[in-house]
Amino acid sequence: MARPQKQGLNYYPKDVDIFSDRKIKIVMARYGADGYTLYDYLLCEIYKEGYYMKTDDDLPYIIASDLNMSVEKIGQILNFLLERSLFDDKLFKSDKVLTSTGIQKRYQEAVRSRATKKTVLVDERYWLLSSDETSSFIEARHSDNKSENNYSFSEINPDKSENNSTKESKEKKSKGKESIY
């Protein structure tokens, strides 16, 4: 059985001059280290799953617990990050999705080595890069999957994990026995 294609990353590249970035300087001037910590935390969560993260009403409470910050502060900083375009405000307001073109460019670069064997598929609803900016090994498709995590197109073949003869023989064996559940 083939192993499912990994969607997320184990690590992500970070510029060594990130603290020289004007947007980061403004976040830190306004919210101190908490502002940058939240931003970095969200990046880790996004890259863990792929190139975007669906959010819900529970997320601020989880983050507040993880980072030892108030829920109100989390909300203020997140709004500021959206206003300053560190995340795409339009996509967040329409679909409660956190991502950005910068995140997607770094993701695309990070999965380049994976693409030597198999095309990397992304959900076009959340892919912000233009066709000119998207590498040839990335294929954007529409997904009907309502999962909270990124959709893995490599798992489209539902009944392929076991061949049919194995399934049939298991079914024949279980017909003669009553289930205890």
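Residues numbered from 1 in each chain as written. Predicted model: local features only at pLDDT ≥ 70, side-chain atom pairs only at ≥ 80, totals over all residues. Heavy atoms only, no water.

Undergrad: Would you mind going over the overall build of the chain with me for this structure?
TA: Scanning the chain for helices and strands turns up 6 helices and 4 strands. Going from N to C terminus, the chain has its helices and strands arranged as α-β-α-α-α-β-α-β-β-α. In the chain, buried positions account for 36% of the 181 residues. Of the contacts made within the chain by residues no fewer than 6 positions apart, 62% connect residues no fewer than 24 positions apart. Accessible surface, the chain as shown: approximately 11,900 Å² in total, 47% of it carbon and sulfur. (Helix = DSSP H or I, 4+ residues; strand = E, 2+ residues; numbered from the N terminus. Buried < 20%, exposed > 50% of the residue type's maximum accessible area, 1.4 Å probe, protein only. Contact = heavy atoms within 4.5 Å. Areas by Shrake-Rupley, 256 points an atom, 1.4 Å probe, with all protein chains shown as cover.)

Undergrad: So what exactly am I meant to see when it comes to the environment of C44 here?
TA: The residue C44 is located in helix α1 (residues 22-49) in this model. Taking the C-alpha atoms as reference, C44 lies 10.0 Å from G8; in sequence the two are 36 residues apart.

Undergrad: Teacher, can you tell me more about the nonpolar core here?
TA: As a rule of thumb, nonpolar side chains are buried together in soluble globular proteins. In this structure, Y39, L42, I63, L81, F87, L98 and Y107 are the most contacted members of the largest nonpolar core, which totals 44 residues. At the level of secondary structure, the elements contributing two or more residues to this core comprise α1, α2 (59-67), α3 (71-83), α4 (89-95), β2 (97-98), α5 (101-110) and β3 (120-123). When residues of this core are assigned to their parent elements, the largest contribution, 11 residues, is made by α1. In contact with L81, other than residues within four places in its own chain, are V27, Y39, L42, L86 and F87. (Core = buried A, V, L, I, M, F, W, Y, C linked by side-chain atoms within 4.5 Å.)

Everything listed is a geometric property; what it means functionally is a separate question.
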